[in-house]
Amino acid sequence: DRCDFQCTDVLSSARRGLIIAGGLSSVQDRNAVCRLGEFLDWPVLTDILSGLRCFSCRHLIHFGDQIGLADDGMQCPDVIILCGLRVISKRIQKRILANAHSVIVVSERMIRADEHYNVRFRMLVSPSRFVQQLESARQFHPRSSELLNPLLQRSITLSHAFETIFNDSQGTKPTTFKIPKSCASYLESVRLDFDRNPISEPSVCRKVFQHCAAFKSALFVSNSMPIRDLDMYCGVQGEQQQYNSQETFENGFLLQANRGASGIDGVLSTGIGFALAMNCSTCILIGDLALLHDLNALHTLNTLGSQCQPVSIIVLNNGGGGIFSFLPIAKHTQLFTPLFDTPHSVGFEGCAMMFGLEYHCPTSLQQLDVALRRKSTSHALIEIKSDQRVNLQTHKILSSLSETLLQSSTYL
């Protein structure tokens, strides 16, 4: 129809095209988004809920939130195709989606996907159907996006830097692109700082992500900081790998979260239901306040017993609402505590004992790895104790590092 014709005309004229993969609910849709990237030769910016972060191919671009720290032309694509549900990163919404000339939303669900009201076309079809329509369109000749190689190099740079400072082997180290020499000493100093801190909230998120990807465990993530840390710092970024087939995505692991109102009520109950439905070992990554708000769900898990495959509840306990320490209100200490950060001194060992769960309290990533790999078939509560001020400083260091790396070389 006329709208389809106008849509393909917009796509054909795009020079700086960008695909954003939001929340995708099926293997078919993940497969279709990668096909779309290959067909158009456009970069695909992956949200953590897209299910594409544990895969690596030339068109998949991870760490979009951190890439958005750079203040340059990357934030000015002329056409964006947003597939699936809205993205988690506010930085992507405000710096990238807000500045696009045209946004095309592809989703079967009639949902609000863009708070800036610059959606030009809304295609109420699945990504799979949308790709089929484009591939069969006559006289449609898309051009490669000028953003592809610059974004790929940026994502590789960040992947290599995160591997270095978190001292892991999550991604594929680049072969033809290196950390700029001007940043090498800075990167090394950050790595040394992280070595002195044996465990941090971002490093825990990476470790849990790695574990689930390696052992094909399902992962359910709480709102607040856990889902944001995963979105900012987790992903496997390669350089030359090509997209293979649908079988690739069937070998991945499923990551899910509650978004919408983005509250913390009922997170554990939802995660337990998710684990029961998945019928495989499952990790639930949750904050302390979210766990306290749904503590009775531990009774549900205990009651299920062996009906549910082993569940590992990883609780990030920073003594309150750590996410609020990132807001300007944190400077007003008399108001911030106790009205915003809602401090507490609760430990969860007693809760684990009460509800018959294994309890672990690792103080290093190595100990966390042992707890996650445990051979026991019982459910477990793994408590990570952290400090809000240290966590805030850790995130500031990571953001500064990302911004420095991205601005040290000219990509666009």
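What counts, and where the lines are drawn
- Residues numbered from 1 in each chain as written.
- Predicted model: local features only at pLDDT ≥ 70, side-chain atom pairs only at ≥ 80, totals over all residues.
- Heavy atoms only, no water.
- Core = buried A, V, L, I, M, F, W, Y, C linked by side-chain atoms within 4.5 Å.
- Buried < 20%, exposed > 50% of the residue type's maximum accessible area, 1.4 Å probe, protein only.
- Contact = heavy atoms within 4.5 Å.
- Helix = DSSP H or I, 4+ residues; strand = E, 2+ residues; numbered from the N terminus.
- Lys, Arg positive; Asp, Glu negative; His and termini not counted.
- Salt bridge = Lys/Arg side-chain N within 4 Å of Asp/Glu carboxyl O.
- Polar contact = N/O pair within 3.5 Å; in protein donor to acceptor, adjacent residues only side chain to side chain.
- Pairing = 2+ DSSP bridges.
- Disulfide = S-S within 2.5 Å.

Time to look at the nonpolar core. By size, the foremost hydrophobic cluster in this structure holds 58 residues, and its most contacted members are Leu11, Ile81, Phe130, Leu219 and Leu230. Once residues lying within four places of it in the same chain are set aside, the contact partners of leucine 230 are Ile48, Arg53, Cys205, Phe209, Leu219, Val221, Leu255 and Leu285. Grouped together as the second largest cluster of nonpolar side chains are 35 residues, Leu45, Ile61, Val190 and Phe194 included.

Structurally, aspartate 229 is set in helix 9 (residues 225–233). It turns out aspartate 229 is buried and unbridged, and the closest side chain with the opposite charge, arginine 228, is 8.4 Å from it. Looking at aspartate 229, its side chain comes within polar contact range of the side chain of histidine 395, at 2.6 Å. Apart from the residues within four sequence positions on either side, aspartate 229 is in contact with Glu201, Pro202, Cys205, Cys234 and His395.

Moving on, we get to the pairing of strand 12 (residues 380–385). Of all the six residues making up strand 12, five are buried; the element is thus mostly covered by neighbouring parts of the structure. Examined bridge by bridge, strand 10 (residues 311–317) and strand 12 share six bridges and lie parallel to one another. Counted as the bridge partner of leucine 316 is isoleucine 384 from strand 12. Where strand 11 (residues 358–360) and strand 12 come together, three bridges link them in parallel fashion. When the bridges of strand 12 are listed, histidine 360 appears paired with isoleucine 382.

Here we take up the state of the cysteines. Note on terminology: a disulfide is the covalent bond linking the sulfur atoms of two cysteines. Inspection of the entire model under this criterion finds zero disulfides. Cysteine 234 takes part in no disulfide bond, and the closest cysteine sulfur, belonging to cysteine 205, lies 6.1 Å away.

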